[in-house]
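These are the residues of each chain, in order.
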Amino acid sequence: MSGITGFLGIDVGGTKVAVRVEGAGADPYRTTFRWSADGGVADDMAALARTLAEVRRHWPGPLRAAGVAMPATLDAAGRVTTWPNRPSWAGLDLAAELRAMLPGTEVACADDGDLAALAEARAAGLDDLLYLGIGTGIGGGAVVGGKLFPGSARGSFEIGHLVVDRCGARCDCGRVGCVQSRASGPAILRRAAELRDAPVEPGELREAWSRQESWAVVAVDEACAVLAAAVVGTAELLHPSAVVVGGGFGDAFPEVTALVERHARALARPGRPAPPHLPARLGGLSSLHGALHLARTLPIPAPAI
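Residues numbered from 1 in each chain as written. Predicted model: local features only at pLDDT ≥ 70, side-chain atom pairs only at ≥ 80, totals over all residues. Heavy atoms only, no water.

Asker: Sorry, what's going on with the sheet that holds strand E3 (residues 26-34) here?
Answerer: Strands pair in a sheet through their backbones, by hydrogen bonds, and they do so in one of two ways: parallel or antiparallel. Spatially, E3-E2-E1-E4-E7 is the arrangement adopted by the 5 strands of the open sheet, whose pairing is mixed. Single-partner strands in this sheet number two, and they are E3 and strand E7 (106-111). Along the sheet, successive strands turn relative to each other by an average axial angle of 15°, direction set aside. Relative to strand E4 (residues 63-70), strand E1 (residues 6-12) runs parallel, the two being bridged by 6 bridges. Considered in E4, the bridge of Leu8 is made with Ala66. Contacting E1, strand E2 (16-23), E3 and E4, helix H1 (residues 41-58) crosses the sheet at an angle of about 160° to E3. The sheet strands contacting helix H10 (residues 286-296) are E1, E2, E3, E4 and E7, and the helix crosses E1 at an angle near 140°. (Pairing = 2+ DSSP bridges. Helix = DSSP H or I, 4+ residues; strand = E, 2+ residues; numbered from the N terminus. Axes fitted to C-alpha atoms, helices over the stretch in contact; angles between N-to-C directions. Contact = heavy atoms within 4.5 Å.)

Below you can see the structure in the form of structure tokens.
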């Protein structure tokens, strides 16, 4: 097969999917689509297949490998065990589905927070880093000594499910008081609606924040305090060189990086200052770039004899 070999990155999110293909000798091609609000797994797979067919029409050659950033919990075999945002995905072997959509393409899936942490560490040139991704959920990852911690074989780095308030709100995972239940994008919107006593859309929150309206300021600040508690506790164990704050919400509200750092400094103990906090260099695309890195590092299978 002639043409330019491409590497495909797929960032599967709770509300949308971002896809990017790149390779030497051609401009990258990127597209996105949103999940339907009430679609089941069959509808989702059909939408994904349509998008990948579009990618293949635009890319002038074979797709060598695909890396997939996933927010769902996966078992050792790569099947989805649970995903609160798309409960119909339970039991889905996404890699097998993608191999059927992309014949001849190597496919691997990994946790989106882990991949984002790896991409941000490479972008920042750091060997030790803690990543927070604020979006539909709270993603996270840690790089220690240049490698992901704890490593994919031992599970993903789930900072979003640290318990920070035993009397708090119920998380999508079913437990009470997780970071995600207080600091994810939807959680911040819920808290803003409580304070405003009216529903709040993301754009309204952004506008109210820019005007420093009290209900918006308090909702965002409370979430940053929760994130700081998770950062400080994790830093006591991992001692990262820096904390990187990103994700879709972090990208839309770049001020949260400084707010989380301010709260983290207030929680620091003598002799253990909070690590510096940095905005994500890759913005809301950290997981997508991590997925591309995964695709580029997949081993080439031996030819059949």
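Read on, since the account is not over.
Asker: I keep staring at the packing of helix H7 (residues 214-238) against helix H9 (residues 256-267) and nothing clicks. Help me out?
Answerer: The relative placement of two packed helices is expressed as an angle between their axes plus a distance between the axes. Packing of H7 against H9 brings their axes to within 8 Å, and their N-to-C directions diverge by 55°. Between H7 and H9, the crossing angle belongs to the class labelled oblique. Regarding H7 and H9, the two cross each other, and that crossing is right-handed. The residues of H9 that touch H7, namely those facing Val220, Asp221, Cys224, Ala225, Leu227, Ala228, Ala229, Val231 and Val232, are Val256, Leu259, Val260, Arg262, His263, Ala264 and Leu267. Looking at the contact of H7 with H9 residue by residue, the classes come out as 13 nonpolar, 1 polar and 2 charged. (Parallel < 35°, antiparallel > 145°, perpendicular 65-115°, else oblique. Left-handed = near helix turned anticlockwise from the far one by under 90°. Nonpolar A, V, L, I, M, F, W, Y, C, P; charged D, E, K, R; others polar.)

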